[in-house]
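Chain by chain, the residues:
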Amino acid sequence: MINTMECAVDAQSLISISLRKIHNSRTQRGGIKLHKNLLVSYVLRNARQVYMNEKYAEIYRMQQYEEVMTVCNEIQELNPLDLAEDCEEQSGDCCGNDGVSEPASLCCALLPVSHLTAVQSAHIQAPSACSAPLSLQSDEVCKETEPSFYRSCCAEAYPVSNCDFSTVNNNLHCNKTTVLDLDTHVVTTVENGYLHQDCCASFQQCCQGAQSPAKKRKVDFEYYISDIEEVPDFTPCKRAKFEDCSYANSEHLDTSNISNLISIFGSGFSGLVSRQADFEQALNGQFCSKQALASLGAWTRAIVAF
Amino acid sequence: MAGAGGGGNDVQWCFSQVKGAIDDDVAEADIISTVEFNHSGELLATGDKGGRVVIFQQELESKNQPQCRGEYNVYSTFQSHEPEFDYLKSLEIEEKINKIRWLPQKNAAQFLLSTNDKTIKLWKISERDKRPEGYNLKEEDGRYRDPTTVTTLRVPVFQPMDLMVEASPRRVFANAHTYHINSISVNSDCETYLSADDLRINLWNLEITDRSFNIVDIKPVNMEELTEVITAAEFHPNQCNTFVYSSSKGTIRLCDMRASALCDQHSKLFEEPEDPSNRSFFSEIISSISDVKFSHSGRYMMTRDYLSVKIWDLNMESRPVETYQVHEYLRSKLCSLYENDCIFDKFECCWNGNDSVVMTGSYNNFFRMFDRGYRQDVTLEASRESSKPRSVLKPRKVCTGGKRKKDEISVDSLDFNKKILHTAWHPQDNIIAVATTNNLYIFQDKL
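On a predicted model such as this, the values are computed, not experimentally measured, just so you know.

S.K.: I'm lost on the overall build of chain A in this one. Help?
M.R.: Looking only at helices and strands, one finds 14 helices and three strands in chain A. In chain A, which comprises 306 residues, the share counted as buried stands at 52%. Sequence-distant contacts, at least 24 apart, represent 70% of the contacts inside chain A between residues at least 6 apart. Roughly 13900 Å² of accessible area belongs to chain A as shown, and the carbon and sulfur atoms make up 54% of that amount.

S.K.: Teacher, can you tell me more about the overall build of chain B here?
M.R.: The helix and strand inventory of chain B stands at two helices and 32 strands. Taking all 447 residues of chain B together, the buried fraction comes to 53%. Counting only contacts in chain B whose residues sit at least 6 apart along the sequence, the fraction spanning at least 24 positions is 54%.

S.K.: How should I be thinking about the pattern of salt bridges in this particular structure?
M.R.: Any two side chains of opposite charge can pair if their charged atoms end up close together. According to the stated counting rule, one finds 37 salt bridges over all chains in the structure shown. Between Lys-49 of chain B and Glu-28 of chain B there is a salt bridge, with its nearest N and O atoms 2.9 Å apart. Of the two residues, Lys-49 of chain B sits in the loop between β3 (43–48) and β4 (52–58) while Glu-28 of chain B sits in the loop between β1 (13–19) and β2 (32–37), which places them 21 residues apart along the sequence. Taking the relative accessible area as the measure of exposure, Lys-49 of chain B reaches 23% and is therefore partly exposed. Between Arg-69 of chain B and Asp-429 of chain B there is a salt bridge, and its shortest N-O distance comes to 3.7 Å. One end of the pair, Arg-69 of chain B, is in the loop between β4 and β5 (72–79); the other, Asp-429 of chain B, is in the loop between β30 (422–425) and β31 (431–435), with 360 residues separating them in the sequence. Arg-69 of chain B gets classed as buried once you look at its relative accessible area, which sits at 8%. Through salt bridges with shared partners, one network takes in Arg-29 and Lys-33 of chain A together with Glu-92, Glu-94 and Glu-95 of chain B.

S.K.: Got a minute to help me understand the nonpolar core in this structure?
M.R.: Note that soluble globular proteins tend to have their nonpolar side chains buried in a common cluster. Within the largest apolar cluster, 37 residues are counted, with the highest numbers of intra-cluster contacts made by Phe-282, Tyr-306, Leu-330, Tyr-338 and Ile-343 of chain B. Of all the secondary structure elements, the ones that give two or more residues to this core are α1 (11–25) and α2 (34–78) of chain A together with α1 (283–287) and α2 (334–339) of chain B. Broken down by element, the residue count for this core peaks at eight residues, all from α2 of chain A. When sequence neighbours within four positions are dropped, the list of residues in contact with Ile-343 of chain B reads Phe-282, Ile-285, Ile-286, Tyr-306, Leu-334, Leu-337 and Tyr-338 of chain B. By size, the runner-up hydrophobic cluster in this structure holds 18 residues, among which are Met-359, Ala-382, Ile-420 and Phe-443 of chain B.

S.K.: Sorry, what's going on with the sheet that holds strand β32 (residues 440–445) of chain B here?
M.R.: Two pairing modes exist for strands in a sheet, parallel and antiparallel, and in both the strands are linked by backbone hydrogen bonds. Residue and element names in this part refer to chain B. In spatial order, the strands read β1-β32-β31-β30; together these four strands make up an open sheet with antiparallel pairing. The outermost strands of the open sheet, each flanked by one partner alone, are β1 and β30. The sheet shows a mean angle of 20 degrees between the axes of neighbouring strands, direction not considered. Two elements, β31 and β32, share five bridges in a ladder whose sense is antiparallel. In the sheet register, Val-434 faces β32, and the bridge partner there is Tyr-441.

S.K.: How should the side chain of Ser-126 of chain B be read in this particular structure?
M.R.: All names here are of chain B. One can find Ser-126 in strand β10 (residues 120–133). Classification of Ser-126 as buried rests on a relative accessible area of 17%. With near-sequence residues (within four places) excluded, Ser-126 lies in contact with Ala-109, Met-164, Val-165 and Glu-166.

S.K.: For this particular structure, what's the right way to read unusual backbone geometry?
M.R.: With the exception of glycine, the majority of residues adopt a negative phi angle, and the majority of peptide bonds are in the trans configuration. Residue and element names in this part refer to chain B. The backbone of Asp-341 sits at a positive phi, close to 75 degrees, despite the residue not being glycine. Within the secondary structure, Asp-341 is located in the loop between α2 and β24 (349–351). Here Arg-390, not a glycine, exhibits a phi torsion of approximately 60 degrees, which is positive. For Arg-390, the location among the structural elements is in the loop between β27 (376–381) and β28 (397–399).

S.K.: Any chance you could explain the sheet that holds strand β18 (residues 252–256) of chain B here in plain terms?
M.R.: Residue and element names in this part refer to chain B. In space, the four strands of this open sheet follow the order β16-β17-β18-β19, with antiparallel pairing throughout. Only two strands of the sheet have a single neighbouring strand rather than two, namely β16 (230–235) and β19 (268–270). For this sheet, the mean angle separating the axes of adjacent strands, direction not counted, is 20 degrees. By the bridge criterion, three bridges tie β18 to β19 in an arrangement that is antiparallel. Looking at the pairing, Arg-253 lines up with Leu-269 of β19.

S.K.: Just checking my understanding: could you explain the packing of α1 of chain A against α2 of chain A for this structure?
M.R.: Working note: a packed helix pair is described by the angle between its axes plus the distance between those axes. Residue and element names in this part refer to chain A. Remark: α1 packs on α2, axes separated minimally by 8 Å, with the N-to-C direction vectors making an angle of 155 degrees. Judged by the angle between their axes, α1 and α2 are roughly antiparallel. For the pair α1 and α2, the crossing hand works out as left-handed. Note on element contacts: α2 touches α1 through Asn-37, Val-40, Val-43, Leu-44, Ala-47, Arg-48, Val-50 and Tyr-51, opposite Ala-11, Gln-12, Leu-14, Ile-15, Ser-18, Leu-19, Lys-21, Ile-22 and Ser-25. Across the contact of α1 with α2, the residue classes break down as eleven nonpolar, four polar and two charged.

S.K.: Help me understand α1 of chain A, please; the structure alone is not making it clear to me.
M.R.: Counting along an α-helix, one turn takes 3.6 residues, and residues three or four places apart therefore face a common direction. Relative to the 21 Å expected for 15 residues at 1.5 Å per residue, α1 of chain A spans 21 Å between its end C-alpha atoms, a close match to the ideal helical length. Buried residues of α1 of chain A: Ala-11, Leu-14, Ile-15, Ile-17, Ser-18, Lys-21, Ile-22 and Ser-25 of chain A, and no others. Taken around the axis of α1 of chain A, the buried residues stretch over an arc of 165 degrees, which confines them to a single face. Those residues of α1 of chain A hidden inside the fold are in contact with α2 of chain A together with α2 of chain B.

S.K.: Where do I start with the pairing of β3 of chain B in this structure?
M.R.: A regular strand carries its side chains on alternate faces of the sheet. All names here are of chain B. The element β3 is extensively covered by neighbouring structure, given that six of its six residues are classed as buried. Inspection of the sheet shows β2 paired to β3 by five bridges, in the antiparallel sense. Its bridge partner lying in β3, Val-35 is registered against Thr-46. Across five bridges, β3 lies against β4 in antiparallel orientation. Among the inter-strand pairings, Thr-46 is bridged to a residue of β4, identified as Val-54. The turn joining β3 and β4, which pair antiparallel and follow one another in sequence, is formed by three residues; a positive phi near 85 degrees is taken by Gly-51.

S.K.: What is the right way to read the packing of aromatic side chains from this model?
M.R.: A ring pair, where both rings are aromatic, is described by two values, the distance of the centres and the angle of the planes. In this structure the tally under the stated criterion is 21 aromatic pairs over all chains. Their ring planes at 65 degrees and their centres at 6.3 Å tell us that Phe-281 of chain B and Phe-282 of chain B sit as a pair that is edge-to-face. The pair formed by Phe-281 of chain B and Phe-282 of chain B is uniform in burial state, with each residue classed as buried. Plain terms: the ring middles of Tyr-324 of chain B and Phe-370 of chain B are 5.0 Å apart, the flat faces sit at 25 degrees to each other, and that makes the pair stacked. Of the two residues, Tyr-324 of chain B sits in strand β23 (residues 322–325) while Phe-370 of chain B sits in strand β26 (residues 366–371), which places them 46 residues apart along the sequence. Across the pair, Phe-370 of chain B and Tyr-324 of chain B agree in class, each one buried. One aromatic cluster in this structure is built from Phe-15, Phe-367, Tyr-441 and Phe-443 of chain B. In this structure, Lys-21 of chain A is placed above the aromatic ring of Tyr-338 of chain B, and the distance from its NZ or CZ to the ring centre is 5.0 Å.

Criteria and cut-off values
Residues numbered from 1 in each chain as written. Chains lettered and ligands numbered in written order. Predicted model: local features only at pLDDT ≥ 70, side-chain atom pairs only at ≥ 80, totals over all residues. Heavy atoms only, no water. Helix = DSSP H or I, 4+ residues; strand = E, 2+ residues; numbered from the N terminus. Buried < 20%, exposed > 50% of the residue type's maximum accessible area, 1.4 Å probe, protein only. Contact = heavy atoms within 4.5 Å. Areas by Shrake-Rupley, 256 points an atom, 1.4 Å probe, with all protein chains shown as cover. Salt bridge = Lys/Arg side-chain N within 4 Å of Asp/Glu carboxyl O. Core = buried A, V, L, I, M, F, W, Y, C linked by side-chain atoms within 4.5 Å. Pairing = 2+ DSSP bridges. Axes fitted to C-alpha atoms, helices over the stretch in contact; angles between N-to-C directions. Parallel < 35°, antiparallel > 145°, perpendicular 65-115°, else oblique. Left-handed = near helix turned anticlockwise from the far one by under 90°. Nonpolar A, V, L, I, M, F, W, Y, C, P; charged D, E, K, R; others polar. Expected span 1.5 Å × (residues − 1). Arc of directions from axis to C-beta. Phe/Tyr/Trp six-rings, centres within 6.5 Å; stacked < 30°, edge-to-face > 60°. Lys NZ or Arg CZ within 6 Å of the ring centre and 35° of its normal.

Here is the structure:
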């Protein structure tokens with residue numbers, strides 16, 4: 001009998017149910033049913049997507065809060081009287097409503113994530129029941145664009161053990177480098193030298209893709225903070241404001257090129273200098289490539305130069 | 001009487017017969033897995049999970065009761081497929097009969113194709129009602145006589161005997177499918193037929209068993225990139241060069257065998273854009289097509305997905321011309337239906353003789369008919385309770401919310417173990433065969 005109250009679609013339980021079905025199918029009489037397993041893998045994919053989106057939204061919210069607090073604390077150290085208010089305003093502007101609007105996700109990509117690892121290690125358990133319909137919308141867009149089988153990037157940092165996932169048709173592996181091309185919305189995953197590419201729906205997804213590069217940027221930010229002491233005029237708060245201004249005022253930039261800007265930043269200072277070449281590269285290439293982010297000075301020099 | 005009036009208010013359906021065991025304890029081998037009328041409607045074949053085929057024959061209309069059509073009685077029973085073991089892959093091959101398709105009758109004998117997951121067999125069903133008697137060298141029981149005792153000669157003559165129906169396998173089409181066969185379809189040329197599994201479609205000549213031609217292959221180079229499988233395939237009823245196959249993604253492809261030997265490139269692609277507001281975890285599952293059937297005219301085709309039946313005009317690929325909701329009230333129950341595996345049930349659908357009404361099954365032993373002309377639909381139930389001879393079936397109604405009216409049944413009271421997956425409609429008359437789990441119900445319209 002069907003329950004009167006339809007379950008509030010718990011993504012995590014769907015994942016476990018799906019895995020159980022796949023496991024049971026291996027012992028069923030008549031051999032593995034390809035059709036049924038394919039359908040189960042779709043449910044598994046959808047559920048995992050929702051689960052990870054919810055998780056990331058949670059992390060983002062916590063990160064946003066902590067970033068604001070960190071910045072404000074630092075401001076207080078430097079100039080407790082003048083800039084405390086400014087900081088709160090700017091973080092409000094920059095980071096949008098609840099972390100799922102387009103500029104907010106960009107901000108997410110740019111904001112330092114010094115507390116990200118702390119958050120991760122805190123073992124966030126159940127995902128908050130939020131962006132489920134939104135995530136599914138992005139999934140729907142995904143369906144329209146790319147006929148090839150969708151494989152979500154598997155972020156390393158989540159406490160949930162993705163390595164446990166093993167399906168007939170869907171390879172879910174750990175230890176992948178995931179990059180997101182915000183222009184083509186293609187998630188490129190490099191795994192043991194083998195390239196996978198997914199369609200990736202919208203800017204909401206970019207947070208997901210941005211996670212591994214964000215981890216690297218933590219290092220950048222620390223370097224950046226040390227710069228602050230050397231250059232007292234250039235405060236973190238002004239940095240936030242700068243980002244806003246740079247988007248709004250630069251005649252070279254419009255909303256559609258913001259992704260290119262990020263790509264350029266990600267590819268290092270040389271990207272700013274030779275912007276034309278890098279535009280093309282950014283269109284085809286990969287956001288926040290590992291090598292570029294490894295160069296610590298890229299962030300600060302780029303911003304200062306601008 | 002060919003389907004005149006169709007469903008809805010014009011036709012009243014009456015119980016005629018029920019076949020199968022009465023007890024509720026259902027043996028798995030008795031679960032009916034396919035139902036098919038032959039081209040004249042005189043014969044009705046069923047296949048079950050135990051690999052058996054049972055054929056019913058309609059009795060001639062008796063003079064005593066001209067108002068009744070003839071009853072269907074058992075004509076022949078035989079074991080079509082046995083369980084097998086693939087030693088190479090360490091896989092057991094189920095004997096369950098997935099599909100039965102009749103060949104058009106050419107002589108006194110009847111021919112049908114039956115298939116399990118891996119092997120298709122051509123069966124000849126023939127009658128014997130005479131036997132030769134009066135042999136010179138043999139006794140009546142078959143023992144040979146001592147030639148020295150033969151003193152006279154006589155010519156053996158045919159004597160009538162009790163009718164005996166023999167089923168013999170004439171062809172075995174094996175080893176052509178790596179994946180599970182889901183469909184077979186006889187071509188209108190009566191010489192060839194197709195068989196489809198999850199990833200490939202093969203073309204056979206009915207006379208040749210050691211060779212088949214692969215005409216569709218959707219297996220990707222890297223199986224990790226698999227996104228869809230073939231779920232059903234059928235030849236066009238009139239054009240021997242045309243066939244369609246449906247996919248788990250909800251698309252139907254029409255192929256023309258004249259275009260090329262390998263029909264991977266479709267001639268037409270029928271697909272309806274997904275409604276984004278209906279998006280859920282299970283969108284892919286419920287959009288998977290479980291059955292595709294051409295209309296008798298060949299102008300339309302019908303597809304069945306989990307929640308609806310769609311009629312497509314072959315001339316329009318962008319969307320179906322008609323969509324009928326079978327049990328939309330299940331949309332909010334998909335999570336539970338996923339847990340208990342009901343969401344994977346493969347419902348079939350069928351046309352009536354003049355393509356004016358379509359029928360498909362549902363849960364709680366309900367089945368639905370949609371009259372295309374009158375835009376009416378009706379829900380009926382196949383149950384022992386309404387099994388008095390010639391009793392008129394009462395339309396059923398599922399209460400989807402709010403206050404439940406009298407005689408309505410609420411969604412939560414539906415028995416999801418009682419499902420009607422297989423139905424068949426007589427090619428000329430208003431006689432339908434509806435298979436519950438292990439019973440076959442025959443209904444006809446009230447004359």
